[in-house]
Structures are given as structure tokens and as C-alpha cells.
Amino acid sequence: MSICWLHWVKDGVFGEDDAPFGQPTPATNGSVIRNFVINLFRQHGYPGITKAQRLLEHDLDALFGLLTMN
């Protein structure tokens, strides 16, 4: 995975460049969380980040299920 692709996903899907962070620490924390979510979706075999968001956004049981070791 290239750096350019990761930046596009984080900006295009998560809107990272438009995030309202004024200080560097919250921006860094937000970036770490977005990286974690992207890797979590990829690890569980979702074909795309947007597809995973749409499938999981209203299904808390499935969302929390990603965090378990099942």
C-alpha cells in the first residue's frame, strides 16, 4: 500500500484535511485512529473502506465484533 493511496483514503473517505483540529496533538490522535480503522476493515476482509462504513454504521454489534478476536 502506498503513502499516496493511504492519504487519499484518509482525506477522501474520512475528510482528514477538513478536520477541525487546531493543535497538532488532536490531529495526530485522529490520524492514528483513522489508520487503526482502515487496518481493522482491511484485516476483516472488507473490499473497501466506504463499503465497510456503510455496512457497519448502523450495526453496533458487528462493529464491536471487529474488535474481538473472533
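Let me begin by describing the structure that accompanies this report. Quick caveat, the model's predicted, so the values are computed rather than measured. (Residues numbered from 1 in each chain as written. Predicted model: local features only at pLDDT ≥ 70, side-chain atom pairs only at ≥ 80, totals over all residues. Heavy atoms only, no water.)

## As for the overall build of the chain
Right, on to step 1. Scanning the chain for helices and strands turns up four helices and zero strands.
Right, on to step 2. Moving toward the C terminus, one meets the helices and strands of the chain in the order α-α-α-α.
Right, on to step 3. The buried share among the 70 residues of the chain stands at 20%.
Right, on to step 4. Across the chain, every contact between residues at least 6 apart in sequence was considered, and the portion connecting residues at least 24 apart equals 41%.
Right, on to step 5. Surface accessibility of the chain: about 5,200 Å² in total, with carbon and sulfur atoms responsible for 60%. (Helix = DSSP H or I, 4+ residues; strand = E, 2+ residues; numbered from the N terminus. Buried < 20%, exposed > 50% of the residue type's maximum accessible area, 1.4 Å probe, protein only. Contact = heavy atoms within 4.5 Å. Areas by Shrake-Rupley, 256 points an atom, 1.4 Å probe, with all protein chains shown as cover.)

## Re the nonpolar core
The tendency in soluble globular proteins is for nonpolar side chains to be buried as a group.
Right, on to step 1. Formed by V9, I38, L40, F41, I49, A52, L56 and L66, the largest nonpolar core amounts to eight residues.
Right, on to step 2. Residue assignment for this core shows that the elements contributing at least two residues are α2 (24–43) and α3 (49–56).
Right, on to step 3. Setting aside residues up to four positions removed in sequence, F41 forms contacts with Y46, I49, A52, Q53, L56 and L66. (Core = buried A, V, L, I, M, F, W, Y, C linked by side-chain atoms within 4.5 Å.)

## Some remarks on α3
Right, on to step 1. Along α3, the residues that are buried comprise I49, A52 and L56. Each buried residue of α3 sits inside an arc of 60° when the element is viewed along its axis, so together they form one side. (Arc of directions from axis to C-beta.)

## A look at the environment of V9
Right, on to step 1. Take V9: it is sitting in helix α1 (residues 3–13).
Right, on to step 2. When the C-alpha positions of V9 and I49 are compared, they lie 7.8 Å apart, and in sequence the two are 40 residues distant.

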